[in-house]
Amino acid sequence: ALAGCASGSIAGTVKPGGDALSLCIARKPGDRIRTRRTFESREVQRNGAAITVKAEETFVDKTVAVDDFGVAVRVHRQYERSVRTLLQPGVVPKTETSSLEGVLVELVRTDNGVTTRVLLGSPVRSALDELLISGLDEAMLPRHAVRAGDAWTVDINAAPMLRGVM
């Protein structure tokens, strides 16, 4: 079933023949959203040795401005935690803290992607490359209400962050 969202919370479930719902998370200035992302990748090298990388990132986005659909176009993001651990058999695990930890950045969606401005902290510049206000999944959702079984076209020109993906 497709879930419909409004103001960042689940508003209902789309049922066949039921009412149309918006799949977009509508935000308003002042909204705060805490996100915790984890990632794990395992690579087996040619010699058979396995290397595992685990990453964790936690940040809070404060919505500063939205478009007519309630999609955030300007947020202030405070990174609470950003670490990466390298695991190899027979080797002491190595955990690195990203230069983003403790940093406050402003992200602004433009026609060409997202611009960043550091408000607090001193991250490595490359850590700011390719940051998104929202995930790619949100960029692929329609801006209009849909019913179960509906299809829509994703316009990569309207969502510049998708240009390198699709």
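Because the structure is predicted, anything quoted here is derived from the model rather than measured.

## Examining the environment of Gln78
Here's step 1: Looking at where Gln78 falls in the secondary structure, it is placed in strand β5 (residues 72-87).
Here's step 2: We classify Gln78 as partly exposed; its relative accessible area is 27%.
Here's step 3: C-alpha separation for the pair Gln78 and Leu120, spaced 42 residues apart in sequence, amounts to 8.9 Å.
Here's step 4: Among all residues touching Gln78, those that are not within four sequence positions of it are Thr58, Phe59, Val60, Gly102, Val103 and Leu104.
Here's step 5: A polar contact is formed between the side chain of Gln78 and the backbone oxygen of Val103, at a distance of 3.5 Å.

## Re the side chain of Ser82
Here's step 1: When you line up the elements, Ser82 lands in strand β5.
Here's step 2: A residue is classified by how much of its surface remains accessible, and Ser82, at 7% relative accessible area, is buried.

## Some words on the pairing of strand β6 (residues 94-97)
Here's step 1: In the sheet, β5 pairs with β6 via 4 bridges, with the strands oriented antiparallel. Bridge pairing links Thr85 to Thr95 in β6.
Here's step 2: Where β5 hands over to β6, the hairpin turn is made up of 6 residues, of which Gly90 adopts a positive phi near 75°.

## What about the nonpolar core?
Here's step 1: Counting 10 residues, the largest nonpolar core is built from Phe59, Ala72, Val75, Tyr79, Leu100, Val103, Val105, Leu107, Leu128 and Leu131.
Here's step 2: Contributing elements (two or more residues each) for this core: β5 and β7 (104-110).

## Examining the packing of aromatic side chains
Here's step 1: The final tally for this structure, using the stated rule, is 1 aromatic pair.
Here's step 2: Taking 5.5 Å as the distance between ring centres and 55° as the angle between the ring planes, the aromatic pair formed by Phe59 and Tyr79 counts as tilted. Remark: Tyr79 occurs in strand β5 and Phe59 occurs in strand β4 (residues 50-66); sequence separation between them is 20 residues. You'll find Phe59 and Tyr79 in the same group, each marked buried.
Here's step 3: Its end group placed over the ring of Phe59, Arg77 keeps NZ or CZ at 4.1 Å from the ring centre.

What counts and how
Residues numbered from 1 in each chain as written. Predicted model: local features only at pLDDT ≥ 70, side-chain atom pairs only at ≥ 80, totals over all residues. Heavy atoms only, no water. Helix = DSSP H or I, 4+ residues; strand = E, 2+ residues; numbered from the N terminus. Buried < 20%, exposed > 50% of the residue type's maximum accessible area, 1.4 Å probe, protein only. Contact = heavy atoms within 4.5 Å. Polar contact = N/O pair within 3.5 Å; in protein donor to acceptor, adjacent residues only side chain to side chain. Pairing = 2+ DSSP bridges. Core = buried A, V, L, I, M, F, W, Y, C linked by side-chain atoms within 4.5 Å. Phe/Tyr/Trp six-rings, centres within 6.5 Å; stacked < 30°, edge-to-face > 60°. Lys NZ or Arg CZ within 6 Å of the ring centre and 35° of its normal.

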